[in-house]
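# Reading the structure
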Amino acid sequence: MKHQFFAGAGSMAALTAILLTGCQNDVSPIGSSIFNGEVNINVDSLTMKVAAESVKIDKMDARSTTNLLGQFNIPVYGRMSASYVCQLLSASRMSVPDSIGVERVDSMKMFLDIPRDLIIGDSLAPQQLNVYRLIRQLPSGIQSDFDPSGYYDPSDVVATRNYTLSGLALSDSAFRNTTTLQVSFPLPKRWAVDAFNAYRAGSEVFDWPASFNQAFPGLYVRQTFGKGAMANISATKLYTYYHYYATRNVVENNEVVTRRVTMKDSVCLFRSAPEVISSSILDFEAAAQLNALVASGKKLLSAPLGYRLRFTFPAAELLEQYWASDHNLSVINNLTFTLPVESITNDYGLLPPAEVLMVRTSDLEDFFAQGKVPDNRTSFRGTYSASRGRYEFTSMRQYIVDLKDNYPDNGPEATDFTLVPVTFETESNTSSYYGTTTTYVTACTPYLEKPAVAIIDTDHAGVVFTFTQQLIK
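These remarks concern the structure in this document. Note that the structure is a prediction, hence the values are computed from the model and not measured.

Turning our attention to the pairing of strand β13 (residues 235-252). One ladder, built from eight bridges, connects strand β6 (residues 105-115) with β13; its direction is antiparallel. If you follow Phe111 over to β13, its bridge partner there is Lys237. Of the pairings in the sheet, the one linking β13 to strand β14 (residues 255-271) comprises 16 bridges and is antiparallel in character. Counterpart to Val250 in the pairing with β14 is Val257. Between β13 and β14, which follow one another and run antiparallel, lie two residues, and Asn253 among them has a positive phi close to 55°.

Taken as a whole, this structure holds 28 aromatic pairs when the rule is applied. With 5.1 Å between their ring centres and 45° between their planes, Tyr77 and Phe284 make a pair best called tilted. With a gap of 207 residues between them, Tyr77 in the loop between β3 (67-74) and β4 (78-86) and Phe284 in strand β15 (residues 278-286) connect regions that are remote in the sequence. Residue classification places Tyr77 among the buried residues on the basis of a relative accessible area of 0%. Chaining the aromatic ring pairs together yields one cluster made of Phe311, Phe313, Phe337, Phe380, Phe393, Tyr399 and Phe417. Over the face of the ring belonging to Tyr151 we find Arg136, whose NZ or CZ atom lies 4.0 Å from the ring centre.

Before going further, it helps to examine the packing of helix α6 (residues 315-323) against helix α8 (residues 397-405). Their axes nearest at 11 Å, the elements α6 and α8 cross at an angle of 70°. Judged by the angle between their axes, α6 and α8 are roughly perpendicular. Contacts between α6 and α8 involve Ala315, Leu319, Tyr322 and Trp323 on the former and, on the latter, Tyr399, Ile400, Leu403 and Lys404. Class assignment of the residues belonging to the contact of α6 with α8 gives a composition of seven nonpolar, no polar and one charged.

With that out of the way, let us pick up the side chain of Asn333. Relative to the helices and strands, Asn333 is located in strand β18 (residues 330-343). A polar side-chain atom of Asn333 sits 2.5 Å from a polar atom in the side chain of Thr468.

Along the chain, Ile57 falls in strand β2 (residues 52-57). On the accessibility criterion, Ile57 (12% relative accessible area) is buried. Sequence separation of Ile57 and Tyr307 is 250 residues, and the distance between their C-alpha atoms is 5.7 Å. In this view, Ile57 contacts Pro304, Leu305, Gly306, Tyr307 and Arg308; residues no more than four positions away in its chain are not counted.

The next point concerns α6. Listing the buried residues of α6 in full gives Ala315, Leu318, Leu319 and Tyr322. For α6, the angular spread of the buried residues around the axis is 95°, confining them to a single face.

Attention shifts here to the pairing of β4. A large share of β4 lies buried, amounting to eight of its nine residues. Once β3 ends, the chain turns through three residues before running back antiparallel as β4. Here β4 runs beside β15; their pairing, made up of nine bridges, is antiparallel. By the bridge assignment for β15, Tyr84 is matched with Ser280. Pairing of β4 with strand β11 (residues 219-225), which is carried by three bridges, proceeds in the antiparallel orientation.

The next subject is unusual backbone geometry. Omega for the peptide link from Ala303 to Pro304 comes to 0°, which places this bond in the cis form. The residue Pro304 is located in the loop between β16 (299-303) and β17 (306-312) in this model. Phi angles above zero are rare outside glycine, and Asn253 is one such case at about 55°. As for its placement among the helices and strands, Asn253 is situated in the loop between β13 and β14. One non-glycine residue with positive phi stands out, namely Asn254, at about 65°. By the element assignment, Asn254 lies in the loop between β13 and β14. When its relative accessible area of 79% is taken as the criterion, Asn254 is described as exposed.

Thresholds applied
- Residues numbered from 1 in each chain as written.
- Predicted model: local features only at pLDDT ≥ 70, side-chain atom pairs only at ≥ 80, totals over all residues.
- Heavy atoms only, no water.
- Pairing = 2+ DSSP bridges.
- Helix = DSSP H or I, 4+ residues; strand = E, 2+ residues; numbered from the N terminus.
- Phe/Tyr/Trp six-rings, centres within 6.5 Å; stacked < 30°, edge-to-face > 60°.
- Buried < 20%, exposed > 50% of the residue type's maximum accessible area, 1.4 Å probe, protein only.
- Lys NZ or Arg CZ within 6 Å of the ring centre and 35° of its normal.
- Axes fitted to C-alpha atoms, helices over the stretch in contact; angles between N-to-C directions.
- Parallel < 35°, antiparallel > 145°, perpendicular 65-115°, else oblique.
- Contact = heavy atoms within 4.5 Å.
- Nonpolar A, V, L, I, M, F, W, Y, C, P; charged D, E, K, R; others polar.
- Polar contact = N/O pair within 3.5 Å; in protein donor to acceptor, adjacent residues only side chain to side chain.
- Arc of directions from axis to C-beta.

Have a look at this one:
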């Protein structure tokens, strides 16, 4: 039977806090130490050439809480088309009054939430979408080149819709106050009835995400018409609509009378969420201009696809500085790293990715597959400073400490890194005693917001290496 909802129908803290700037390598007398000597603060601020190469990528781990949908062609970037598949997370209970029976269920609709600032291309370009129900479980190791064939029935279109990515249907005031646009699709009423009955029967499929995804594997959303525009879908939501009756005072013929009126309401029972699989399916062809830049020797970083930067971190040179001192009496305080960035010349608003992950190349594949976050040992958070024109990595002390402690047994993989555009989710904690705020990275996913390109100047990488040396008198 077509259009059924369920499957089968049914102690160096003070020193590390010192602000260190400028190009210097000096000795600062900061008073007698507890060991009857002096302390040197060694600060090496170096500009170094980093061995690097642009690595072309045609696929990626595209699992994310957001999805790309549509098609565009940007001459300085490339051509991309995108559809997506997603599982849904069910509400554990249905917040509908017990007095409402299944006969009052009216319909079900799917809503796509689209942030206004994440629309690419011509928002007035006509688009058409088809929605299909998945009939097989999505693979856990899904990639952006995933072929959905066999996971859905092409003849069973559960919803279709023509639309544009503009706010033409909104009033001026509503458009100004709206940060997210919505595209809605009517879904089969049978889905609403099946879901309603299953909730009322206390079905166990709603107890765990895995149970629900066995009953309802998910959705495949595919663009069938249109080009020149792409949207970032921040959420996919399914609402069930129902009606009920209420007594209300209304004005009729200048008199207030009591009438029994029909009221309508809805409940969001299913939606995309971080707990379940959601992945964009991307078809990308890099522009000739992009490839020409790489051929000319430029080091590129682009997103979502195109090029990543692979480079060798200059740890050996830094450790030589450290070993040249009396390292038995030295303590490493800090290590920071910067990479100068240029924006590519374009008229399409292409900017460098705002956040990047610096990760050991040997750990790259497992990093996203296992849902890791930067540990400041083998992976690091980098942020783009538009005012300084560079990526900044500020917490690499533990990396160089570990490298030193394992010297000389470190293999080449210890300094082999890849730069990947990502999106970080963070949480902040403010100490009521010290009044300081600490920010923690809680999630790290591949960057999928909109096209981004950066030229990385690996000939002028910046390193500030700080260590404290105890001088015995």
